[in-house]
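The chain contents come next:
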Amino acid sequence: QVKLVESGGGLVQAGGSLRLSCTVSGISFSFNAVAWYRQAPGKQRELAARIMRSGSTNYADTVKGRFTISRDNDKNTVYLQMNSLKPEDTAVYYCNIFSEIRGDFWGQGTQVTVSS
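A brief structural summary. A quick note: this is a predicted structure, and the numbers were derived from the prediction, not measured.

1. Some points on the layout of surface pockets
To find leftover empty space, one rolls a probe the size of a water molecule over the atoms.
Step number 1: Taken as a whole, the largest pocket spans an internal volume of roughly 310 Å³.
Step number 2: Broken down by secondary-structure element, the contributors of at least two residues to the lining of the largest pocket are strand 4 (33-39), strand 9 (91-99) and strand 10 (103-106).
Step number 3: In terms of residue class, the lining of the largest pocket is built from 8 nonpolar, 4 polar and 5 charged.
Step number 4: Empty space within the second largest pocket amounts to approximately 190 Å³.
Step number 5: Surrounding the second largest pocket, 13 residues form its lining, Arg38, Ala40, Lys43, Glu46 and Glu88 being those nearest its centre.

What follows is the structure, given as structure tokens:
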């Protein structure tokens, strides 16, 4: 059974920082791309950041330069460091792992709220 458990969300003032963590079990973590998506109220889920098994990364233009995704393959954990947060970053953030063999798996989501 594949499980993704997120933590680290919360309420923060604009300009502040948060670090999200997602620990994955039940699937070969180091061989797969992992990502953070987010979904704001009334909007579609969108990719925030992705890190490939090689370590290469890509970011949404809206978070580039403020967010950093990283992974620790020994701990089966992916992180999202979020700095200079803005009210428009308010969303539920979802961890995702994609396996070419087994498909997509998602965490339950963690709420991030940025107050102005």
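So, next bit.
2. Some thoughts on the nonpolar core
Step number 1: Of all hydrophobic cores here, the largest spans 29 residues; its most connected members are Trp36, Ile69, Val78, Leu80, Met82 and Tyr93.
Step number 2: Broken down by secondary-structure element, the contributors of at least two residues to this core are strand 3 (18-25), strand 4, strand 5 (46-51), strand 7 (67-72), strand 8 (77-82), strand 9 and strand 11 (110-115).
Step number 3: For Ile69, the contacting residues outside a window of four places in its chain are Val34, Ala35, Trp36, Ala49, Arg50, Ile51, Thr57, Tyr59, Val78, Tyr79 and Leu80.

3. Quick look at the pairing of strand 5
Step number 1: In this sheet, strand 5 lies alongside strand 4 in antiparallel orientation, the contact comprising 5 bridges. Note on strand 5: the bridge partner recorded for Ala35 is Arg50.
Step number 2: Once strand 4 ends, the chain turns through 6 residues before running back antiparallel as strand 5, passing Gly42 with a positive phi of about 75°.
Step number 3: The pairing of strand 5 with strand 6 (residues 57-59) spans 3 bridges and is classified as antiparallel. The residue of strand 6 that forms the bridge with Ile51 is Thr57.

4. Focus: the state of the cysteines
Here a disulfide denotes one covalent bond, and it connects the sulfur atoms of two cysteines.
Step number 1: Summed over the entire model, instances satisfying the criterion amount to 1 disulfide.
Step number 2: A sulfur-sulfur distance of 2.1 Å marks the disulfide that ties Cys22 to Cys95. Given an S-S torsion of about -85°, the disulfide between Cys22 and Cys95 has left-handed geometry. Of the two residues, Cys22 is situated in strand 3 and Cys95 in strand 9; the sequence distance between them amounts to 73 residues. There is no split in this pair, since Cys22 and Cys95 are both buried.

5. Some remarks on unusual backbone geometry
Step number 1: Phi is positive for Asn76, close to 55°, though the residue is something other than glycine.
Step number 2: Relative to the assigned elements, Asn76 resides in the loop between strand 7 and strand 8.
Step number 3: The residue Ser84 is not glycine, and still its phi comes out positive at about 50°.
Step number 4: Following the sequence through the fold, Ser84 ends up in the loop between strand 8 and strand 9.
Step number 5: The exposure class assigned to Ser84 is partly exposed, which follows from its relative accessible area of 42%.

What counts, and at which threshold
Residues numbered from 1 in each chain as written. Predicted model: local features only at pLDDT ≥ 70, side-chain atom pairs only at ≥ 80, totals over all residues. Heavy atoms only, no water. 1 Å grid on protein atoms, 1.4 Å probe; cavity = no way out; pocket = protein on both sides within 12 Å on 5 of 7 lines; lining within 4 Å. Points joined across faces, edges and corners; volume = space filled by probe spheres on them. Helix = DSSP H or I, 4+ residues; strand = E, 2+ residues; numbered from the N terminus. Nonpolar A, V, L, I, M, F, W, Y, C, P; charged D, E, K, R; others polar. Core = buried A, V, L, I, M, F, W, Y, C linked by side-chain atoms within 4.5 Å. Buried < 20%, exposed > 50% of the residue type's maximum accessible area, 1.4 Å probe, protein only. Contact = heavy atoms within 4.5 Å. Pairing = 2+ DSSP bridges. Disulfide = S-S within 2.5 Å.

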